[in-house]
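# An overview of the molecular structure
Chain by chain, the residues:
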Amino acid sequence: MTDATAGAVPASKDAKPGQMVAADGRPLKESLNRALRLQKMRALMLIAPLLLFVLLTFIAPIADMLFRSVQNGIVSETLPRATAGLSDWDATTGDLPDESVYEGLYYDLFIAAERKLHTRLGSRLNYEMTGMSSLFRQSGRSLDDIGDVYFDQFKDLDKNWDEAEPWAALMGDADWLQEMQAWKKADGEMPEFELADGMEKLLPRTAETYAAFAVFAQVDEGKSLLKEEPWVLVHTALYQDLMAKDVSGYSGPQAEMLKAADAAVSGFESVTFKDGMNAIDDDWLSHTVWQTIKTYSPEFTNGYFLNAVDMQKTPDGPEFRSENQRIYGLLFKRTMFMSLMITGSCILLGYPVAWLLANLPMRTANLLMILVLLPFWTSLLVRTSAWKVMLQQQGVINDVLVWLGLVNDADRLVMINNQFGTIVAMTHILLPFMILPLYSVMQTIPPSYLRAAKSLGATNWTAFWRVYFPQSVPGIGAGSILVFILSIGYYITPEIVGGTTGTFISNRIAYHISSSLNWGLAAALGTILLAVVLGLYWAYDKIVGIDNVKLG
Amino acid sequence: MTDMANQDAFVAFERVQKSYDGETLVVKDLNLSMPKGEFLTMLGPSGSGKTTCLMMLAGFETATHGAIKLDGVSINDISPHKRGIGMVFQNYALFPHMTVAENLSFPLEVRKMGKSDREAKIKRALDMVQMGAFAGRRPTQLSGGQQQRIALARALVFEPELVLMDEPLGALDKQLRETLQFEITNLAHDLGITVVYVTHDQTEALTMSDRVAVFDDGRIQQLAPPDELYEKPQNSFVAQFIGENNALDGTVQDISGDRCTVRLDSGDLIDALPVNVSKSGEKTRVSIRPERVEFNPQLGPDAHTLEAEVLEFVYMGDVFRTRLRVAGRDDFVVKTRNRADQVRCAPGEKVRIGWLPEDCRALDAP
Ligand SMILES: Nc1ncnc2c1ncn2[C@@H]1O[C@H](COP(=O)(O)OP(=O)(O)OP(=O)(O)O)[C@@H](O)[C@H]1O
Ligand SMILES: [Mg+2]
């Protein structure tokens, strides 16, 4: 070996003395790694499409859910100006935000209302404060009131202020205007609007709002700017610009009209944005409304999570909700407790059945197996509804008990629409998930162990408890994990037979997904559930050891 | 052996029958009695009912008919854990979730023995099988032979008087088997325990046992010490099953005292010892051990010899194995010791063979 190494050393400069080298003079380890890497790459390439598919369909939804639970961009995206203004506002003093914030709000809300985005924001903020939804909807409807003040005055001054073409000529680039005038429907896409040079400097607000209007009209609505009169928002902006700026140096198109307006605006009647918003809805003078908007203006929020653990954001930091508003803690605890009960009952009922399955002669065992699997072949809804029939107060079991005289007709047992009903029905539904892993583990325990134990002097019970049972524990572990995790996230059965006291956290999640549409909160609840399951899994691994879990 | 009084028998099967399905008898009329301290082996082909007998003795199967007695008391209705019978299983059945020491401690714990007693006994049992150093291991961390030793120690640790072993060495390689065979017999002898041992390896049966019960078809075909079994098989099944055997079919021609003449199906006449035949004209199968056949025999003047053609000559070191065509059969084997003056036949050669009449046993025709 040393001879070979010594002979090969000169061939390679990176081979250290005493190192094994391959035939080409590279260090052997490196060659081996390279060969293995190639193999691995090839293997990876083969499974790459599947891996990608799994990642996309499995990981991506979970990632999306985790993301949704903190994502909160909608406020700052819909109200960019207002939220920017609010960052300087101190929510704790009790003062309302100043006029510039109201101005921002008006601009934001106007554009959002035209694009019909304001109601979405209203729904989002309504999760945090009731009344927000109607406030936004109402405001979106009456927002023109403010602009109309200026619009009417401009129109009275010069009818052209209510015409599409003069506006387009004033604001648009000359080349664009020509193209636009030459454009016909048959040409396909409209030439994209371009602001006239210097317009942004001259009339900044007007330019910005007109540009927003142009995008909306051309792209969203597909209308020609030569035919569509601008929003009254643009008139408001123009008023503000003319009040603030000097346009005497302007000599572009429609200079006459602009200069005339410039001369007239100082005499215009005006309203402050604050008063205007107040007139639309006096909630805009409410301190808490602004507080809520400010609290939820950052792009990411822990608000959903706080909400999910019965807390809420306040200007002074997170606080617990008042006693009567706390529901999620109770629901989480109830979900845990009932899942444990269900797992426990599944072990109690499933163990003997699995034992029978594993120890009966093949033919009988197969028949029994069919009985075990039968529930899988009937609809979940049917099975759950069957329990309703069985357990309700006028149901089969109560009838039998009354008939036997065990229960008075007047006080029939309440066994459905409560925790008892949910536990019974869910135990029935999840039982196969306990039996199957137990069965497959028990099948691997040779009967000779029991015989050996008995021949050593153990009674039936001792033989079972000291020899058989410990070996079936991995099956119990696997079954328990399956049943517990399934039941923690179960939805349909508690929904049908749970009533008010037997529902799970998942029913609340479903409610937020399909009824209240508060997906962020649903995602936060789901994330907490996931964390709890992972935590339990970890604890299980620490205590029992996950390699002690066998499915067969 | 059948005349042994049942009263002094330690283990006795009396007219025991067993059927699993109510249609066929797996064990048919089993009678067996063993004195204390005997090492008895049940030997037989697969499916002959050996395990069934053992399980009935251990109490895991109930006899359909008949009585099984232990120390004179019928144990038919005693449950297995009260019988106090040690048992070694073919797959060892060591409890995988317990260490070696815990496995050994188990039978003592269920007997409510104190801790110090237990430890002393475990240590003694482990030392007995030379496994003292392995007390803390799990069964899965042991080799097959080591597991077997532990299984043995566990069956012995609570000092049973009767130990049952069902093919305990079946899964081991030849060398280890031989070592363990030796150890088991020695242990059984030293401890004075009674052992019922099941195997279908005849060498194992012959080397280990005081007596061997050859099973076939749910019956004991012969119950005898190893030498008797080999040299004096009582029927053609035993002759064929134990050791190498030459069988020739024929009809009894003439019978007088301890001699008879048999006319083989090929027409040749041979001399034999009548064992299972009583009158002339009876069908019979004669059995001759390969090492009892002589080439060019110097027998009495009226002795019959046979013409044979050498088919094959195999040099095996200590012995020569010659295959011959005799009386129309191609599978007649002769074994001769490797001596300087021994004949070495060449294939194709014609030779005469013969034997002493007492070495040729006329048994039942199958
Ligand atoms: N539990 C059972 N149910 C039905 N038939 C059985 C059962 N156990 C054994 N048998 C039948 O009884 C007969 C004897 O079986 P047994 O196990 O006693 O044979 P054995 O002599 O131990 O064979 P082997 O050498 O293969 O272990 C067999 O034909 C077998 O098929
Ligand atoms: Mg057997």
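About the thresholds
- Residues numbered from 1 in each chain as written.
- Chains lettered and ligands numbered in written order.
- Predicted model: local features only at pLDDT ≥ 70, side-chain atom pairs only at ≥ 80, totals over all residues.
- Heavy atoms only, no water.
- Domains from an automatic or database assignment.
- Contact = heavy atoms within 4.5 Å.
- Buried area = accessible area lost by both parts, 1.4 Å probe.
- Salt bridge = Lys/Arg side-chain N within 4 Å of Asp/Glu carboxyl O.
- Helix = DSSP H or I, 4+ residues; strand = E, 2+ residues; numbered from the N terminus.
- Nonpolar A, V, L, I, M, F, W, Y, C, P; charged D, E, K, R; others polar.
- Polar contact = N/O pair within 3.5 Å; in protein donor to acceptor, adjacent residues only side chain to side chain.
- Axes fitted to C-alpha atoms, helices over the stretch in contact; angles between N-to-C directions.
- Parallel < 35°, antiparallel > 145°, perpendicular 65-115°, else oblique.
- Left-handed = near helix turned anticlockwise from the far one by under 90°.
- Phe/Tyr/Trp six-rings, centres within 6.5 Å; stacked < 30°, edge-to-face > 60°.
- Buried < 20%, exposed > 50% of the residue type's maximum accessible area, 1.4 Å probe, protein only.
- Lys NZ or Arg CZ within 6 Å of the ring centre and 35° of its normal.
- Pairing = 2+ DSSP bridges.

## As for the domain arrangement of chain B
Residue and element names in this part refer to chain B. According to the domain assignment, chain B consists of domain 1 (3-236) and domain 2 (244-364). Placing a centre on the C-alpha atoms of domain 1 and another on those of domain 2 gives a separation of 39 Å. With 8 residues of domain 1 at the contact, the number on the domain 2 side is 10 residues. Summing both sides of the interface, domain 1 and domain 2 together bury roughly 760 Å²; the carbon and sulfur share of this comes to 40%. Considering only the side of domain 1, the residues that lose the most area to domain 2 are Tyr230, Pro233 and Ser236, jointly responsible for 62% of the buried surface there. At the boundary of domain 1 and domain 2, one finds 0 salt bridges. Ranked by the residues each element gives to the side of domain 1 that touches domain 2, the list is headed by helix α7 (residues 226-231), at 3 residues. The residue inventory of the side of domain 1 that touches domain 2, partitioned by class, reads 3 nonpolar, 3 polar and 2 charged.

## As for the interface of chain B and chain A
Each partner contributes to the interface: chain B provides 22 residues, whereas chain A provides 17 residues. When the buried area of chain B at its contact with chain A is split by residue, Phe60, His81 and Phe106 of chain B rank highest and sum to 30% of it. Our count for the contact surface shared by chain B and chain A stands at 2 salt bridges. Here chain B and chain A share 4 residue pairs in polar contact (both at pLDDT 80 or more) between them. Listing elements by their share of the side of chain B that touches chain A, those giving two or more residues are β6 (85-88) and α2 (100-109) of chain B. Ranked by the residues each element gives to the side of chain B that touches chain A, the list is headed by α2 of chain B, at 3 residues.

## Here's the deal with the packing of helix α19 (residues 362-377) of chain A against helix α22 (residues 419-443) of chain A
Residue and element names in this part refer to chain A. Across the interface, α19 lies against α22 with an axial gap of 8 Å and an inter-helix angle of 135 degrees. As summarised for this structure, α19 and α22 are arranged oblique, according to the angle between their axes. At the point where α19 passes α22, the crossing takes the left-handed sense. Across from Met369, Val372, Leu373, Pro375 and Phe376 in α19, the residues of α22 making contact are His428, Pro432, Phe433, Ile435, Leu436 and Tyr439.

## A closer look at the domain arrangement of chain A
Each domain of chain A was delimited in the assignment, giving domain 1 (73-301) and domain 2 (328-548). Summarising the inter-unit geometry, the C-alpha centres of domain 1 of chain A and domain 2 of chain A are found 60 Å apart.

## Some remarks on the packing of aromatic side chains
Scanning all chains against the criterion turns up 35 aromatic pairs over all chains. Measuring from ring centre to ring centre gives 6.1 Å for Phe464 of chain A and Phe469 of chain A, while their planes differ by 55 degrees; the resulting arrangement is tilted. For Phe469 of chain A, a relative accessible area of 21% corresponds to the partly exposed category. Judged by centre distance (5.6 Å) and plane angle (35 degrees), the rings of Tyr315 of chain B and Phe320 of chain B are tilted. Under the relative-accessibility criterion, Phe320 of chain B is labelled buried at 0%. The ring centre of Phe95 of chain B lies 4.5 Å from the NZ or CZ of Arg154 of chain B, which sits over that ring. In this structure, Arg289 of chain B is placed above the aromatic ring of Tyr230 of chain B, and the distance from its NZ or CZ to the ring centre is 4.1 Å.

## Considerations on the side chain of Gln153 of chain A
All names here are of chain A. Here Gln153 shows up in helix α8 (residues 144-157). Judged by its relative accessible area of 15%, Gln153 falls in the buried class. Not counting the four nearest positions on each side in its chain, Gln153 is found in contact with Phe268 and Glu269.

## Thoughts on the pattern of salt bridges
If you walk through the whole model with that rule in mind, you get 39 salt bridges over all chains. Taking the shortest distance from any N to any O, the salt bridge between Asp409 of chain A and Arg412 of chain A comes out at 2.9 Å. Given a relative accessible area of 48%, Asp409 of chain A falls into the partly exposed group. Among the salt bridges present, the one from Glu159 of chain B reaches Lys121 of chain B, with a minimum N-O distance of 3.4 Å. With a gap of 38 residues between them, Glu159 of chain B in the loop between α4 (144-157) and β7 (162-166) and Lys121 of chain B in helix α3 (residues 115-128) connect regions that are remote in the sequence. Among the ionic contacts, a cluster of salt bridges with common partners joins Arg81, Asp108 and Glu208 of chain A.

## Overview of the pairing of strand β3 (residues 39-43) of chain B
Residue and element names in this part refer to chain B. Summarising burial for β3: 5 of the 5 residues are buried, a large majority. Of the two faces of β3, the one carrying Phe39, Thr41 and Leu43 and the one carrying Leu40 and Met42 are both buried. Two elements, β3 and strand β8 (residues 194-199), share 5 bridges in a ladder whose sense is parallel. If you follow Phe39 over to β8, its bridge partner there is Val195. Taken together, the 4 bridges between β3 and strand β9 (residues 211-216) define a ladder with parallel strand orientation. Considered in β9, the bridge of Leu43 is made with Val214.

## Section: the side chain of Ser139 of chain A
All names here are of chain A. Within the element layout of this structure, Ser139 appears in helix α7 (residues 132-142). On the accessibility criterion, Ser139 (0% relative accessible area) is buried. At 2.9 Å, the side chain of Ser139 forms a polar contact with the side chain of Trp284.

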